[in-house]
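The chain contents come next:
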There are 2 protein chains.
Amino acid sequence: MKEIVIGFLGCGNVGGGVWELLKNFAPEIAHRDQVTIRVKKVLVRDVNKARTCSVPKELLTTVPEDVLCDPEISMVVEFMGGEQPATEYMLTALKNRKTVVTANKVAVALNWHRLQEAAQKSKVGLYYEASVCGAIPIINVLMSSLQSNRIDKLMGIINGTTNYILSRMYDSGEDYKIVLQDAQKLGLAEPNPASDVEGMDAAYKLSIMASLAFHARVLYRNVFRQGITGITQMDITCGKEMGYVLKLLAIAKRQGNTIEVRVHPTFLPQDHPLSRVHGSFNAVYLHGHACQDMMLQGRGAGDMPTASAVVGDILHAATVAVHSHPTFANRAEPDASLTFTDNWSTRFFVRVSAKDTPGTLQKIAGWMAQENVSIATMLQKDAVEEGRVPLVFITHEASEKAMQAALSHMEKDVCTVESVIRVEA
Amino acid sequence: MKEIVIGFLGCGNVGGGVWELLKNFAPEIAHRDQVTIRVKKVLVRDVNKARTCSVPKELLTTVPEDVLCDPEISMVVEFMGGEQPATEYMLTALKNRKTVVTANKVAVALNWHRLQEAAQKSKVGLYYEASVCGAIPIINVLMSSLQSNRIDKLMGIINGTTNYILSRMYDSGEDYKIVLQDAQKLGLAEPNPASDVEGMDAAYKLSIMASLAFHARVLYRNVFRQGITGITQMDITCGKEMGYVLKLLAIAKRQGNTIEVRVHPTFLPQDHPLSRVHGSFNAVYLHGHACQDMMLQGRGAGDMPTASAVVGDILHAATVAVHSHPTFANRAEPDASLTFTDNWSTRFFVRVSAKDTPGTLQKIAGWMAQENVSIATMLQKDAVEEGRVPLVFITHEASEKAMQAALSHMEKDVCTVESVIRVEA
């Protein structure tokens, strides 16, 4: 029977969950995989802090080298979060020929090439299922089950906080600020919610998933990013009336060597599978040339869902012969043959406030037509305020630049553009 | 660079798809996994039959031993379908120390213990992702990603033919026979549709998934099975009016050592994630103690989706150090400590035709109350025919036996029971 000796970097709630799962499933794992897992050392900030988890106190240490340099430890599991010192610790572990399992999206998204290169050099593994979408096994599925697919499209609801906020705005008609405050009270949003509501969290995760889906390095800074802070109840209500649900979507598409990666508020038709993903759930929808359409849905955050993903990685890493090193992952920059476009084609939801005079609609339609943007549906609200009337359009597919040009003409002429929200199907 | 030499048993459309995928991804696989895959021999019935796939004719053979006994071949991929001769061929391959990858649900469901035992004895692998739900990576997810979960519930739409039929009956109001005939014309149902519409196909798949979910052998014959041939448009219409969608569900639940496994028509609330899985799509919803709720949705059949799953298995098998042998899988019988119950608790949809006389409803309610079955909602249609009125009830949760007892009293007294359909949430 092979014994794998592991060390933890950090021991919060996820670490405690991993400890419990490993303990509970030890007999099963030993029998099935002919391997036992022993946790030898756990790096913490304060040995004497009260902990809910049952890790014995004698395993705790405040000295990183106790984990990173112990020759008996062959696998290091990182739960610290944040870019540093987590990245440097992981690099040291990898250089010391220890396989690394991490739940850290920021460190992987920003330093993947350094981590992967170190892993490859030392012939050890780098595993990061828990860094993206909690329990949802999207990394395993992309790397293993779907590895013979050319994936051309991936769209995900990969941030639970914003999905909770938008779901509640849709259901209750409340305003953004009220719902955000409630989410903060419930612990579903951070006191400083920027990383979630500005889309950074989703952009980190998207850069990892898109890289794996396209077998090409997609950097965090390649991702176009727009958050949900400008979303009004008026937008959600108008979309709802027209049959659409608003989600913060992470979208990656590939056509030949052209890639688009973007995180922004997006209207989806009510009958789209992603429209039904409510509250704090996450989901990833994708299309591959062999598998066709697929969707994975589940708990994208939380201690035990994340621990479930971490233990899956630990056991996989413990039983694999050759650790897989994605060909693209040790590049610092995307392949030069790839183009990242910001002129994608999509449909648009446009809400304007226009002068309530004859000919206004004709002018708006004219400006759109001039830029080859064609209107699919229109909603005119009868509420006229101060001589202005709210108008909502949903266009057919148009290029981003054409739409922006049409909006610019319209603003100069007859209306104020209140909001522009992309629409996917 | 390691070379894996493989042989095919059978070469229909799925085999052709696997051939293409392996060819297309060879450079990527070689670079990433340090392995090349070479197909050496392909067993077919007729070497001269016209084929759409591009497998070179010189690889074809009609002699099973050319694949099963070639010492250079270390992996055999089976596409023949059906219990025999596929099982015997796979057993021979395993005895000859060849890892087996199969898409054959019948052979795995019925002879898993023989196949797994032979694999374990020879220290080779047995892989069967493609045997259940086409491209959906449910086997990989259960065995790898979720291996540290105690799964207590799994519910799936795992037969595309019946889901197509029920979706169309729901959408169009057409009768079962008409829709079945159309499905047959479209190639979505077999000329003899029994295996699909009687639930055998789903029961094979459920026995495999439930075994993996519960880490316990669940046999095909343990699965309670009821098909959709008795479903009427009246049932679907009444359910729809009450907010429910009808699906052929495969359900597995575990509480302690008590297991229930059943395939039957089931009403689901319209807002349940599985209710939105339309047409020929498959989906599996599950709940584990760590991962919590999860759903995987995708193409459950078709040549390329199935090939996608087969190639995932081939590459996994080619790179793993120790082939995993689930502890339960080499048992011929379920563990004696387990009980398979047929007295599960669920809600019921009951449609009766009752005498249109005062006191009828009171009597029905009385018989239900006597057996501790409580009515949650009721629908009375005003269409009286020959002095009889249709009544529809949905009950609160009740045991199967209590419900059957109540129905038996009602039938003897005041009504004819037209249909009883279980309801899950």
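For the structure, see preceding data.
Attention here is on the structure that accompanies the text. Treat the numbers as computed from the prediction; the structure is a model and nothing was measured.

1. Here we look at the interface of chain B and chain A
So, point 1. Contacts between the two partners involve 48 residues from chain B and, on the opposite side, 48 residues from chain A.
So, point 2. Summing both partners gives a buried area of about 4,400 Å² for chain B against chain A, and 53% of it is carried by carbon and sulfur.
So, point 3. Run the count over chain B and chain A and you get two salt bridges.
So, point 4. In this structure, the salt-bridge partner of Asp293(A) is Arg299(B), at a minimum N-O distance of 3.3 Å.
So, point 5. One can count 13 residue pairs in polar contact (both at pLDDT 80 or more) joining chain B with chain A.
So, point 6. Of the residues belonging to the side of chain B that touches chain A, the class tally is 21 nonpolar, 20 polar and seven charged.
So, point 7. As judged from the five bridges shared by strand β12 (residues 292–299) of chain A and strand β12 (residues 292–299) of chain B, these two strands associate in the antiparallel manner. The residue bridging Leu296(A) from the neighbouring strand is Leu296(B), located in β12(B).

2. Some thoughts on the packing of aromatic side chains
So, point 1. Enumeration according to the criterion identifies 14 aromatic pairs over all chains in this entry.
So, point 2. Considering the side-chain rings of Phe8(A) and Phe79(A), the 5.1 Å spacing of their centres and the 80 degrees angle between planes classify their relative orientation as edge-to-face. Here Phe8(A), found in strand β1 (residues 2–9), pairs with Phe79(A), found in the loop between β4 (75–78) and α3 (86–95); they are 71 residues apart in sequence, far enough to count as distant. Comparing Phe8(A) with Phe79(A) shows no difference in burial state: the two are buried.
So, point 3. Ring geometry for Tyr244(B) and Phe267(B): centres 6.4 Å apart, planes at 70 degrees, overall edge-to-face. Linking Tyr244(B) in strand β9 (residues 244–255) with Phe267(B) in strand β10 (residues 258–269), this pair joins segments that are 23 residues apart in sequence. Each member of the pair Tyr244(B) and Phe267(B) is classed as buried.
So, point 4. Here the aromatic cluster, defined as three or more aromatic residues joined through ring pairs, consists of Trp112(A), Tyr128(A) and Phe328(A).
So, point 5. Here Lys240(A) stacks its cationic end above the ring of Tyr170(A), 4.3 Å away from the centre of that ring.

3. Focus on the environment of Glu58(A)
Residue and element names in this part refer to chain A.
So, point 1. As for its position among the elements, glutamate 58 is in the loop between β2 (35–43) and β3 (60–61).
So, point 2. Its relative accessible area of 61% is what places glutamate 58 among the exposed residues.
So, point 3. Put simply, glutamate 58 and valine 47 are eleven residues apart on the chain and 9.2 Å apart in space, counted from C-alpha to C-alpha.

4. Digging into the sheet that holds β2(A)
Residue and element names in this part refer to chain A.
So, point 1. Read from one edge of the open sheet, six strands run β3-β2-β1-β4-β5-β6, paired in parallel fashion. Every other strand in the sheet has two partners, leaving β3 and β6 (126–127) as the edge strands with one partner each.
So, point 2. As judged from the two bridges shared by β2 and β3, these two strands associate in the parallel manner. Pairing of leucine 43 across the sheet is with threonine 61, part of β3.

5. Here we look at the side chain of Thr395(A)
Residues and elements named next belong to chain A.
So, point 1. One can find threonine 395 in strand β16 (residues 388–395).
So, point 2. A residue is classified by how much of its surface remains accessible, and threonine 395, at 0% relative accessible area, is buried.
So, point 3. Sequence-distant contacts of threonine 395, that is, excluding residues within four places in its chain, are made with Arg347, Phe348, Met368, Val373, Ser374, Ile375, Ala376 and Met403.

6. Remarks on the side chain of Ser145(A)
So, point 1. In this structure, Ser145(A) sits in helix α5 (residues 138–145).
So, point 2. Judged by its relative accessible area of 8%, Ser145(A) is buried.
So, point 3. Among the polar contacts made by the side chain of Ser145(A), one reaches the side chain of Asn140(B) at a distance of 2.8 Å.
So, point 4. Excluding residues within four positions of it along the chain, Ser145(A) makes contact with Asn140(A), Pro137(B), Asn140(B), Ser308(B) and Gly312(B).

7. Observations concerning the relation of the copies chain B and chain A
So, point 1. Between chain B and chain A, which share one sequence, the superposing operator has a rotation angle of 180 degrees and an axial displacement of 0.0 Å; the RMSD is 0.0 Å. In symmetry terms, the pair is related by a two-fold rotation axis. When C-alpha positions in chain B are compared against the rotation axis, the closest is assigned to Ala321(B), at 2.0 Å.
So, point 2. Interface overlap between copies is the fraction of interface residues in one copy that are interface residues in the other; for chain B against chain A it reaches 100%, indicating a shared surface.

8. Quick look at the pattern of salt bridges
Residues and elements named next belong to chain A.
So, point 1. Per the counting criterion, the structure on display carries 40 salt bridges over all chains.
So, point 2. Linking lysine 205 and aspartate 201 is a salt bridge whose minimum nitrogen-to-oxygen distance equals 2.7 Å. On the criterion of helical spacing, the pair formed by lysine 205 and aspartate 201 is a turn pair, its members being four residues apart in helix α9 (residues 200–214).
So, point 3. Three or more residues joined by partner-sharing salt bridges are found here, namely Glu3, Arg38, Lys40, Asp70 and Glu72.

9. Structural notes on the nonpolar core
So, point 1. In this structure, Ile165(A) and Ile165(B) are the most contacted members of the largest nonpolar core, which totals 181 residues.
So, point 2. If we skip the residues at most four places from it in the chain, Ile165(B) touches Tyr176(B), Val179(B), Leu180(B), Ala183(B), Val197(B) and Ile228(B).

10. Some details on the pairing of strand β14 (residues 345–355) of chain B
Residues and elements named next belong to chain B.
So, point 1. Of all eleven residues making up β14, eight are buried, and the element is well covered by its neighbours.
So, point 2. With two bridges connecting them, β14 and strand β17 (residues 398–399) associate as antiparallel partners. By the bridge assignment, threonine 346 is partnered in β17 with alanine 398.
So, point 3. Relative to strand β18 (residues 415–423), β14 is paired through eight bridges, and the arrangement is antiparallel. Bridge assignment links valine 350 to a residue of β18, and that residue is valine 420.
So, point 4. Relative to strand β16 (residues 388–395), β14 runs antiparallel, the two being bridged by seven bridges. Of the residues in β16, the one forming a bridge with serine 353 is proline 390.

Conventions and cut-offs
- Residues numbered from 1 in each chain as written.
- Chains lettered and ligands numbered in written order.
- Predicted model: local features only at pLDDT ≥ 70, side-chain atom pairs only at ≥ 80, totals over all residues.
- Heavy atoms only, no water.
- Contact = heavy atoms within 4.5 Å.
- Buried area = accessible area lost by both parts, 1.4 Å probe.
- Salt bridge = Lys/Arg side-chain N within 4 Å of Asp/Glu carboxyl O.
- Polar contact = N/O pair within 3.5 Å; in protein donor to acceptor, adjacent residues only side chain to side chain.
- Nonpolar A, V, L, I, M, F, W, Y, C, P; charged D, E, K, R; others polar.
- Pairing = 2+ DSSP bridges.
- Helix = DSSP H or I, 4+ residues; strand = E, 2+ residues; numbered from the N terminus.
- Phe/Tyr/Trp six-rings, centres within 6.5 Å; stacked < 30°, edge-to-face > 60°.
- Buried < 20%, exposed > 50% of the residue type's maximum accessible area, 1.4 Å probe, protein only.
- Lys NZ or Arg CZ within 6 Å of the ring centre and 35° of its normal.
- Least-squares fit on C-alpha atoms with pLDDT ≥ 70 in both.
- Core = buried A, V, L, I, M, F, W, Y, C linked by side-chain atoms within 4.5 Å.

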